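Below, each chain spelled out in residue letters.
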Amino acid sequence: SRQWRGVLREYADRLNISDATPIVTLGEGGTPLIPAAALSARTGAKVWVKYEGMNPTGSFKDRGMTMAMSKAVEDGAKAVICASTGNTSASAAAYATHAGIKAVVLVPEGKIAMGKLSQAIAHNAQLLQVQGNFDDCLDIARDLAKNYPVHLVNSVNPDRIEGQKTAAFEVVEVLEDAPDIHIVPVGNAGNYTAYFRGYSEELARGATTKLPRMFGFQAAGSAPIVLGHRVEHPETIASAIRIGNPASWDLALNAREVSDGYFGAISDEKILEAYRILSAEVGIFVEPASAISVAGLLERADAGQIPAGSTVVLTVTGHGLKDPQWALRTADGSDVKPTIVPVDTAAIAELLGLGQK
Ligand code: F0G
């Protein structure tokens, strides 16, 4: 038996690294691809869920961060910077501290989930809450990296997408081909672009027979790619994808074109409905942004756009423990009330409707 070695070592032959690259890893990747019987039953497709919440910092960002941080250290960087809706900052903070360098993270004030904020602080990043939205944070991070000695680790850094493409390799290893359709949440569209690249490379080396159709979903209040224009004031409860000007917009449009893909928008209400279906029927806990993959699948199935028997992979990008507050609300918006019981077995058995054995 051996331990999973992280995506750079596992896929060294398919990544732009050399023997000189110091590998900064926390053992990311190797995440489960889980058959989701409840979603298959609802849609008539064979549905699998790629559970990226199982990465070391609880999101898919770790795949790109191991690459970006290794390259940064190889280049002699002493400090990295990123803008983030939370997960990138958590990942950058953890990987930078592991590498022994400094991380500066810019996040929109009051707009990132508590779990992610806690991670950045716990991992000793210098956290700056910017009085603006994510798009403002990214503009500033790019400016700083251009004019000052800090290394940018947002997905505009090509090393990030390079590392993230390894998720597609893992899917192909399990399915022994590409799926028919692959669905991801879309914010900056970096991950959408990364999967497309990973699948394209697998096809080129003969590991698969096809490209999957790439489906991406944005929150209805933050759907610039669907609308075809920037959104000045993006809004959604899915704070991870509250982005009005995606960094990888052009790359994503190309990926949609080549893969015969699709971009759709989903209301917050439908995101939360899918969030509950995934946790209560499948047993997978994710943050709201991740549940949009499930909501997108159900929307496309309702529209008759998911062929019966086709293989569909949904990426769920971040762990539910990042932003657990949504689980404690019912569909009508009221708080879930815990049932309080006395220290009394008979009373509890009665409440549970259990008869004597
Ligand atoms: N899902 C989660 C949980 C995310 O954190 C993000 C992006 C996405 C989906 C969208 O991925 O940007 O590649 O299209 N989060 C970034 C961050 C913006 O700062 O953590 P994308």
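For clarity, every value in this text was computed on a predicted model and none was experimentally measured.

### Considering the overall build of the protein chain
Point 1. Within the protein chain, the regular secondary structure consists of 14 helices and 10 strands.
Point 2. The C-alpha atoms of the protein chain give 21 Å as radius of gyration, which agrees with the globular expectation for 357 residues (21 Å, within 12%).
Point 3. Overall, the protein chain is about 70 × 50 × 45 Å in size when its C-alpha atoms are taken along their principal axes.
Point 4. Going through the 357 residues of the protein chain one by one, you find that 54% of them count as buried.
Point 5. Taking all contacts inside the protein chain whose residues are at least 6 apart in sequence as the whole, residues at least 24 apart take part in 71%.
Point 6. For the protein chain, the exposed surface amounts to about 15,600 Å²; the carbon and sulfur share of it is 52%.

### Remarks on the domain arrangement of the protein chain
Point 1. Along its sequence, the protein chain is carved into domain 1 (7–58 + 160–328) and domain 2 (61–156).
Point 2. Centre-to-centre, using C-alpha coordinates, domain 1 lies 22 Å away from domain 2.
Point 3. At the junction of the two partners, domain 1 supplies 45 residues and domain 2 supplies 36 residues.
Point 4. The junction of domain 1 with domain 2 conceals about 3,200 Å² of combined surface from both sides, 53% of it contributed by carbon and sulfur atoms.
Point 5. Looking only at domain 1, the three residues that lose the most surface to domain 2 are Val24, Arg160 and Lys322, adding up to 27% of its buried area.
Point 6. Our count for the contact surface shared by domain 1 and domain 2 stands at three salt bridges.
Point 7. In this structure, the salt-bridge partner of Glu287 is Lys116, at a minimum N-O distance of 2.7 Å.

### Things to note about the site of the ligand
Point 1. Taken together, the neighbourhood of the ligand is formed by 20 residues, with Ser84, Gly187, Asn188, Ala189 and Thr317 sitting nearest.
Point 2. Contact distances for the ligand include 3.1 Å between an oxygen atom and a backbone N or O atom of Gly190.
Point 3. Alone, the ligand offers 480 Å² of accessible surface; in the complex the protein occludes 99% of this.
Point 4. Looking at the shell around the ligand, the elements with two or more residues in it are helix H4 (87–99) and helix H9 (190–204).
Point 5. When the residues that make up the shell around the ligand are grouped by side-chain class, the tally is seven nonpolar, 11 polar and two charged.
Point 6. Composition of the shell around the ligand by domain shows at least three residues from each of domain 1 (7–58 + 160–328) and domain 2 (61–156).

### Here we look at helix H6 (residues 134–147)
Point 1. The end-to-end C-alpha distance of H6 is 20 Å, a good match for the 20 Å that 14 residues give at a rise of 1.5 Å each.
Point 2. Here H6 has its buried residues at Phe134, Asp135, Cys137, Leu138 and Ala141. End-on view of H6: buried residues confined to an arc of 155°, all on one side of the axis. Residues of H6 that are exposed and angled more than 90 degrees away from the buried face: Lys146 and Asn147.
Point 3. Those residues of H6 hidden inside the fold are in contact with strand S3 (79–83), strand S4 (102–108), strand S5 (126–130) and strand S6 (151–152).

### Details of the nonpolar core
Point 1. Ranked by internal contacts, the top residues of the largest apolar core, which has 35 residues, are Leu39, Ile183, Val286, Leu297, Val312 and Leu314.
Point 2. At the level of elements, strand S2 (46–51), strand S7 (181–185), strand S8 (213–219), helix H12 (268–282), helix H13 (288–302) and strand S10 (311–316) are the ones that each hand at least two residues to this core.
Point 3. Among the elements that line this core, the one with the most residues is H13, at seven residues.
Point 4. Setting aside anything within four residues of it in sequence, one finds Val312 in contact with Ala45, Lys46, Val47, Trp48, Ile181, Ile183, Leu297 and Ile306.
Point 5. Among the nonpolar cores identified, the runner-up in size contains 21 residues, and Ala167, Val186, Met214 and Val313 belong to it.

Criteria and thresholds
- Residues numbered from 1 in each chain as written.
- Predicted model: local features only at pLDDT ≥ 70, side-chain atom pairs only at ≥ 80, totals over all residues.
- Heavy atoms only, no water.
- Helix = DSSP H or I, 4+ residues; strand = E, 2+ residues; numbered from the N terminus.
- Rg over C-alpha atoms; globule rule 2.2 N^0.38 Å.
- Buried < 20%, exposed > 50% of the residue type's maximum accessible area, 1.4 Å probe, protein only.
- Contact = heavy atoms within 4.5 Å.
- Areas by Shrake-Rupley, 256 points an atom, 1.4 Å probe, with all protein chains shown as cover.
- Domains from an automatic or database assignment.
- Buried area = accessible area lost by both parts, 1.4 Å probe.
- Salt bridge = Lys/Arg side-chain N within 4 Å of Asp/Glu carboxyl O.
- Near = heavy atom within 4 Å.
- Polar contact = N/O pair within 3.5 Å; in protein donor to acceptor, adjacent residues only side chain to side chain.
- Nonpolar A, V, L, I, M, F, W, Y, C, P; charged D, E, K, R; others polar.
- Expected span 1.5 Å × (residues − 1).
- Arc of directions from axis to C-beta.
- Core = buried A, V, L, I, M, F, W, Y, C linked by side-chain atoms within 4.5 Å.

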